[in-house]
Amino acid sequence: MSARIKPSSQDDRLAEIFGAPVNQLYRVADTDVRTRRALELRSFLALTEEQVAWVRERVHARSAPDRGMDELSAEELRMDAQWMKAALSARRDYLAALDDVLRAEPLPEPARPVTFTQPVITARTVPTPGDTTAHPHPARGR
């Protein structure tokens, strides 16, 4: 599965800051350096969070209450703890780097209602001698 498809814990934040869902941001990432950097870090974060979940599930399976005591291995649990430590450290680093990139991104401006005002002509043109298109002034009557 592509890292673009994997969810990350920061997807909602990215969508809020950039004003579009993550899948749409990947389509425009080539045009904006900060968006591209944020999405690269987001992809790394998604993979790392998946690693954390894998190790967590493995530890849960190895230490499940229905497993026999003879199946427990201190060495395997120690190795899982090292994997978990590495994955959590990487996650923290990616979160910090992503936070730095996102702090540099200006917050989107709230949408303001657009009003179009047309100038109103309040003066009338003065007819020139021989102008047959001029209409009589309404105050004077016909």
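Residues numbered from 1 in each chain as written. Predicted model: local features only at pLDDT ≥ 70, side-chain atom pairs only at ≥ 80, totals over all residues. Heavy atoms only, no water.

Q: Tell me about the packing of helix H1 (residues 11–18) against helix H3 (residues 33–62), residues and numbers included.
A: Where H1 contacts H3, the axes come no closer than 11 Å and their chain directions differ by 175 degrees. One element, H1, and the other, H3, form an angle in the roughly antiparallel class. Residues Asp-11, Leu-14 and Phe-18 of H1 pack against Arg-34, Thr-35, Ala-38 and Arg-42 of H3. By residue class, the composition of the contact of H1 with H3 is three nonpolar, one polar and three charged. (Axes fitted to C-alpha atoms, helices over the stretch in contact; angles between N-to-C directions. Helix = DSSP H or I, 4+ residues; strand = E, 2+ residues; numbered from the N terminus. Parallel < 35°, antiparallel > 145°, perpendicular 65-115°, else oblique. Contact = heavy atoms within 4.5 Å. Nonpolar A, V, L, I, M, F, W, Y, C, P; charged D, E, K, R; others polar.)

Q: Break down the nonpolar core for me, with residues and values.
A: Core analysis: the biggest nonpolar cluster contains 15 residues, and Leu-14, Phe-18, Leu-25, Ala-38, Leu-39, Leu-98 and Leu-102 have the highest contact counts within it. Looking at this core, the element that brings in the most residues is H3, giving four residues. (Core = buried A, V, L, I, M, F, W, Y, C linked by side-chain atoms within 4.5 Å. Buried < 20%, exposed > 50% of the residue type's maximum accessible area, 1.4 Å probe, protein only.)

Q: Can you lay out the environment of Gln-10 for me, pointing to particular residues and giving the numbers?
A: Note that Gln-10 resides in the segment before H1. Taking the relative accessible area as the measure of exposure, Gln-10 reaches 14% and is therefore buried. A sequence separation of 35 residues divides Gln-10 from Leu-45, and the C-alpha atoms of the two residues are 8.6 Å apart. Not counting chain neighbours up to four residues away, the residues in contact with Gln-10 comprise Leu-45, Leu-95 and Leu-98.

Q: Can you lay out the confidence of the model for the chain for me, pointing to particular residues and giving the numbers?
A: Looking at the chain, the pLDDT average stands at 84 and 74% of residues meet or exceed 70. Mean pLDDT across the elements of the chain ranges from a minimum in helix H2 (residues 22–28), with 90, to a maximum in helix H4 (residues 74–104), with 95. (pLDDT = per-residue confidence, 0-100.)

Q: Break down H3 for me, with residues and values.
A: With 30 residues, H3 extends 44 Å between its outermost C-alpha atoms, agreeing within 8% with the 44 Å of an ideal straight helix rising 1.5 Å per residue. Where H3 is concerned, the buried positions are Thr-35, Ala-38, Leu-39, Leu-41, Arg-42, Ser-43, Leu-45, Ala-46, Thr-48, Glu-49, Val-52 and Val-55. Check the buried side of H3 and you find it contacts H1, H2 and H4. (Expected span 1.5 Å × (residues − 1).)

Q: Hey, could you go over the pattern of salt bridges for me, with residue numbers and the actual values?
A: Proximity of charged atoms lets side chains of opposite charge pair with each other. This structure, assessed with the given rule, holds 12 salt bridges. Asp-99 serves as the salt-bridge partner of Arg-13, at 2.6 Å between the closest nitrogen and oxygen. Here the residue Arg-13 occupies a position in helix H1, and Asp-99 occupies one in helix H4, the gap between them amounting to 86 residues. Between Arg-62 and Glu-76 there is a salt bridge whose closest N-O contact spans 3.6 Å. Of this pair, Arg-62 sits in helix H3 while Glu-76 sits in helix H4, and the two are 14 residues apart along the sequence. Since its relative accessible area comes to 21%, Arg-62 is described here as partly exposed. Beyond isolated ion pairs, a larger network of salt bridges with shared partners links Arg-13, Asp-99, Asp-100 and Arg-103. (Salt bridge = Lys/Arg side-chain N within 4 Å of Asp/Glu carboxyl O.)

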